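Chain by chain, the residues run as shown.
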Amino acid sequence: MIAIYLLILGLIVTRFLEWRSFMKNISKLCERYDKKYIFEKNRMPELIAKLREPDSYFIHNEWSAYHFLFLKGPSPYDILFSLKSYRLENFYHPSALDRLRAAGII
């Protein structure tokens, strides 16, 4: 009986560690996409002006990958408690993935 509990605990810990790694990878994708978007066409002055506005960056900037992957995407808890494998195609809308592909991120 103890072996079954240890097996279940091991599966839960493994799932949590996989989820954490998946979320870190998504965050890295967002960072790479945003950097490419900003520096590719020298949009830094435009970004600095938007950052000075209160509550502007995360809510109103739909170009940001953080916006369309985290704010408009699935909840991290939905991803954690889902039984799907951790692949972008399983959780995100194809239009969001197309934007990442068009930028050459994935």
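Definitions and limits used
- Residues numbered from 1 in each chain as written.
- Predicted model: local features only at pLDDT ≥ 70, side-chain atom pairs only at ≥ 80, totals over all residues.
- Heavy atoms only, no water.
- Helix = DSSP H or I, 4+ residues; strand = E, 2+ residues; numbered from the N terminus.
- Expected span 1.5 Å × (residues − 1).
- Buried < 20%, exposed > 50% of the residue type's maximum accessible area, 1.4 Å probe, protein only.
- Salt bridge = Lys/Arg side-chain N within 4 Å of Asp/Glu carboxyl O.
- Core = buried A, V, L, I, M, F, W, Y, C linked by side-chain atoms within 4.5 Å.
- Contact = heavy atoms within 4.5 Å.

### What to know about helix H1 (residues 2-40)
Piece 1. With 39 residues, H1 extends 56 Å between its outermost C-alpha atoms, agreeing within 8% with the 57 Å of an ideal straight helix rising 1.5 Å per residue.
Piece 2. Along H1, the positions that sit buried rather than exposed are Trp-19, Phe-22, Met-23, Ile-26, Leu-29, Cys-30, Tyr-33, Asp-34 and Ile-38.
Piece 3. Following H1 by one or two positions, Asn-42 adopts a phi angle in the positive range, close to 50°.

### Here we look at the pattern of salt bridges
Piece 1. Enumeration over the complete set of coordinates arrives at 5 salt bridges.
Piece 2. For Lys-72, the salt bridge is made with Glu-62, and the minimal N-O distance between the two is 3.8 Å. With Lys-72 in the loop between helix H4 (65-71) and helix H5 (76-80) and Glu-62 in the loop between helix H3 (57-60) and H4, this pair connects stretches of sequence that are 10 residues apart.
Piece 3. Residue Lys-72 is classed as exposed on the basis of its relative accessible area, which comes to 55%.
Piece 4. Given a relative accessible area of 47%, Glu-62 falls into the partly exposed group.

### As for the environment of Gly-10
Piece 1. Here Gly-10 is to be found in helix H1.
Piece 2. Residue Gly-10 is classed as partly exposed on the basis of its relative accessible area, which comes to 31%.
Piece 3. Considered as a pair, Gly-10 and Leu-83 are 73 residues apart in the sequence and their alpha carbons are 16 Å apart.

### Here's the deal with the nonpolar core
Piece 1. In this structure, Phe-22, Ile-26, Leu-69, Ile-79 and Tyr-92 are the most contacted members of the largest nonpolar core, which totals 21 residues.
Piece 2. Those elements giving two or more residues to this core turn out to be H1, H4, H5, helix H6 (88-91) and helix H7 (94-102).
Piece 3. Residue contributions to this core peak at 7 residues, all from H1.
Piece 4. What Ile-26 contacts, discounting residues up to four positions off in sequence, is Leu-69, Phe-70, Leu-88 and Tyr-92.

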